[in-house]
Every structure is written in C-alpha cells, then in structure tokens.
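Descriptive analysis of the structure
Spelled out from the first residue to the last, the chains are:
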Amino acid sequence: MLQPKRLLSVDVFRAVNMFFMIFVNDLSGVRHVPEWIDHVKGYEDGMHFADTIFPIFLFIAGLSIPLAIGRRISKGESFTSIAIYLLLRSFALIVMGFFHVNMEEYSRSAILPLGVWEFLLTLSFFLIWLDYPEMLSAVKKYALMGTGIVILIVLAVLYKGGTPAEPKDLDPSWWGILGIIGWSYLVCAAVYLLAKGNFTVLVISLIILIAINLGVHGGLIDFKIWVIKDGSSAGLMMFGVVVSLLYARLTAGGNYNKLWITFSSLGFALIVLGFIVRPYTQGISKIHSTPAWVFICTGIGILLFELFIWLIDIKGKQNWFNIIKPGGTSTLTCYLIPYFIIAIFYMIHFRYPRFLNYGAGGIIRSFAMSFIIIIITGFLEKRRLRLKI
C-alpha cells in the first residue's frame, strides 16, 4: 500500500479554508454584502464564494485520511486500535453536531438562557475531548472529562426547543456541519481501513457515491440511504481520499510533471462536468447538495490543492501563512472558539455598532474576527489547550 507522505500544503490549505469558514459564518449576520460572497438561496440555481467553503473542507478532510491512518499503520498500531480511534473521532463530531443543530431551535422559555447553555455546551466539549498533557495525572484527567460529560448530560436534560406552544426535545432534524463531517469521515475512513488503502477499491467506492448522488438528483432514486443520504458529503470526502492516493502515485519517483498535468486536467474536467449535468440534476445548489455543486467544488479543490503543493511543498513559502497556521493544525478548536464568543455576547447583550453590521464595515469585521479567532487558537495551542480529535 503506497502511502502519501506528510504534506505541509495540506495543513496550509486547511488553515486557509478554516480562515474563510470563520469569515463566512460571521458574515451571515452582515447585511448588504456583495452577492458573489454570500450563500445562494435554497431556491436559486447557482453558487457563490461562501458555497465553496464547506465542500472544500470535506475534500481536505479526505486528503488527510490516508495521511492520518498511514501514520498510525507505520507506528505499528493494530487494525482494532485504528478502528476504535476512527469510531471515537466520528462519534465526537456527530455528538457536537447534534447539539449544535438543536441550539438553532433553543427556546426562550428554557430554564437556562441561550448564552449560558451555549457557553457550557462548548466548555463541555473542551473538557471531554481536550488533548490533555501526558504529565497530568490520570485522576485529574478523568475528573475533568467526567465533569464535561456531566455538564453535557445536564444540558441535554434542561434543553427546551421550539416555542411555548409547540415545545421540542433534542432532535436530529439534521446533523449540523460537524455531524455531517463525522458521518462522512466514518464512511470514508472505514472504507479506507477495510480496503487497506487499495486504490482500485477506493475509486469504485467513489464511483458508487457519485452514482447515488446523480441518481437521487436525477430522479432515478426516490429515497436517501441511511448515513450517506444522497452521497454528496461522503463523495466530496472520498474525492479527497482518492486524490491523496493519486498524489502519492504520481510523485513516487520525485517527478512532479505528471502531477501538474493530471491535477489540472482532472480539476478542469470536473468543473466542466458540473456544468454538463447541471440541467439534468436540479442545477447547482449547496442547500440541496446537487451533483453539479459536488463536481464544481471538487474541481476547484483539486486546482487549489495543486497550487498549494507548488507554493508550499515546492517553493517552500509556508512562512507566508504563519499567522493563520493554527487554523490548519488545531482546526476543531478554531471552529469551536466562536461559540464561546457568541455565548458571551448573548450573556452581556453585546451588539456590534451599526456600521459593522452592513456592507464594507461588516466585511472588515468578519475578516478581523477570523484573524482574532485564529490568534486565540494559536495562543491556546502553544499551551497544549486543543481538542485531540
């Protein structure tokens, strides 16, 4: 099994993607921004900048699967230990996504105010899944993890969603961003592990996921499959897995000429394919996760990956991205930090000045917030305060 080597370009690519994920998430509260930046509405056929961020994150997560599992195999870890690691990692993401989704319908009549509930929820995630230092005693470690679990259970019991007229309990109406990542990771990592990294098996798996996505949105399949649904998210991640292995094959002899030709051709071909299937598979839509959206975003992802390989791994320009590096090395920590900040804003009833909620002022605010979050993440990372999943 040919394993791709550790790539600095993947970490930088992930850091840039994370920076813009924070940016577009914060931008959702800003009015009167240029259309090309914001999300396309669910009823529209099209795609803007914000609609590319999450699918490219899934693609990057797929790039990392052979690297992460390959490192564990090289360390001599058994199949069982790796499988348990994958299951626990997926479970953690699914749990976080589940609670985040229910936060969207949190009721004003609940016992705890939303800000308090959100702050404690995020704190519980850190207590449970923090990468605790090895010198910390087992008693203290498990006491802190146990405290986090107790907080999470109490928050689940106290949760109240919906309206006073129509209250709701915790319910997986959808799995949220982290939950989607968790389920997709479970599928793709499990296939990779069971197939022992066999390139042919993984390509066939990708073709099956693509076929399901085309069938659902082309009207040939009138149901969605449990876990993978319409195959879009797992398909995006599996594209990353296959491209990562393809990279290892193309550069095995140290020659990158085949890589540039192959990746450029594949990236542009997928973008063209997206526009070809667009009229027959419900257009381009992130909300509906259509095949055109999957193909176009994957094509963009491959071209960007190729650019970062050249810029970082060949030209050695990783220092250009030092300021946002923690977004690529402590990604989940970086994603969760805004929930602390938003919770505090709720609790102290903070509101941005009007000029920071509109147009250019709001865009500048969102850029600044991205930098602030990543700087905080870097500060925590230096003190070994980061999530280990």
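One structure accompanies this document, and this report is about it.

**Some thoughts on helix α12 (residues 331-348)**
- Spanning 18 residues, α12 covers 27 Å between terminal C-alpha atoms, matching the ideal 26 Å at 1.5 Å per step.
- Those residues of α12 that fall on the buried side of the exposure criterion are Thr331, Leu332, Thr333, Cys334, Tyr335, Leu336, Ile337, Pro338, Tyr339, Phe340, Ile341 and Ala343.
- His349 sits one or two positions beyond α12 and adopts a positive phi of about 60 degrees.

**Some thoughts on the environment of Ile344**
- Tracing the chain through its elements places Ile344 in helix α12.
- Residue class for Ile344 comes out partly exposed when judged on its relative accessible area of 35%.
- The spatial distance from the C-alpha of Ile344 to the C-alpha of Ile180 is 26 Å, given a sequence separation of 164 residues.

**What about the side chain of Arg365?**
- By secondary structure assignment, the location of Arg365 is in helix α13 (residues 359-382).
- Residue class for Arg365 comes out buried when judged on its relative accessible area of 8%.
- Not counting residues within four places of it along the chain, the set of residues in contact with Arg365 comprises Asp26, Gly29, Val30, Tyr352, Leu356 and Asn357.

**Examining the pattern of salt bridges**
- Scanning the entire structure with this criterion turns up eight salt bridges.
- The salt bridge partner of Lys168 is Glu105, with a shortest N-O separation of 3.2 Å. Placement of the pair is Lys168 in strand β2 (residues 167-168) and Glu105 in the loop between α3 (79-103) and α4 (114-129), with a sequence separation of 63 residues.
- In this structure Lys168 comes out as partly exposed when scored by relative accessible area, which is 30%.
- As a salt-bridge pair, Asp131 and Arg386 come within 3.9 Å of each other at their nearest N and O atoms. Of this pair, Asp131 sits in the loop between α4 and α5 (138-158) while Arg386 sits in the segment after α13, and the two are 255 residues apart along the sequence.
- Owing to a relative accessible area of 22%, Arg386 belongs among the partly exposed residues under this scheme.
- Because the salt bridges share partners, they merge into one network encompassing Asp131, Glu381, Arg384 and Arg386.

**What about the packing of helix α1 (residues 8-27) against helix α10 (residues 291-314)?**
- Packing of α1 against α10 brings their axes to within 8 Å, and their N-to-C directions diverge by 120 degrees. Taken as axis vectors, α1 and α10 run oblique relative to one another. Pair α1 / α10 crosses with right-handed handedness. On α10, the residues touching Leu8, Ser9, Val10, Val12, Phe13 and Val16 of α1 are Gly301, Leu304, Phe305, Phe308, Ile309, Ile312 and Asp313.
- Its residues assigned to classes, the contact of α1 with α10 shows 10 nonpolar, two polar and one charged.

**A few points about the packing of aromatic side chains**
- Taken as a whole and assessed by the stated rule, the structure comprises 28 aromatic pairs.
- With centroids separated by 6.3 Å and ring planes inclined at 80 degrees, the aromatic side chains of Phe20 and Phe367 adopt a geometry described as edge-to-face. Separated by 347 residues along the polypeptide, Phe20 in helix α1 and Phe367 in helix α13 bring together distant segments of the chain.
- The exposure class of Phe20 is partly exposed, given its relative accessible area of 23%.
- By relative accessible area, Phe367 is classed as partly exposed at 31%.
- Taken together through their ring pairs, the aromatic side chains of Phe98, Phe99, Tyr106, Trp117, Tyr159, Trp175, Trp183 and Trp226 make up a single cluster.
- The positively charged end of Arg72 is found above the aromatic ring belonging to Tyr85, 3.5 Å away from the centroid.
- In this structure, Arg365 is placed above the aromatic ring of Tyr352, and the distance from its NZ or CZ to the ring centre is 4.1 Å.

Calculation rules
- Residues numbered from 1 in each chain as written.
- Predicted model: local features only at pLDDT ≥ 70, side-chain atom pairs only at ≥ 80, totals over all residues.
- Heavy atoms only, no water.
- Helix = DSSP H or I, 4+ residues; strand = E, 2+ residues; numbered from the N terminus.
- Expected span 1.5 Å × (residues − 1).
- Buried < 20%, exposed > 50% of the residue type's maximum accessible area, 1.4 Å probe, protein only.
- Contact = heavy atoms within 4.5 Å.
- Salt bridge = Lys/Arg side-chain N within 4 Å of Asp/Glu carboxyl O.
- Axes fitted to C-alpha atoms, helices over the stretch in contact; angles between N-to-C directions.
- Parallel < 35°, antiparallel > 145°, perpendicular 65-115°, else oblique.
- Left-handed = near helix turned anticlockwise from the far one by under 90°.
- Nonpolar A, V, L, I, M, F, W, Y, C, P; charged D, E, K, R; others polar.
- Phe/Tyr/Trp six-rings, centres within 6.5 Å; stacked < 30°, edge-to-face > 60°.
- Lys NZ or Arg CZ within 6 Å of the ring centre and 35° of its normal.

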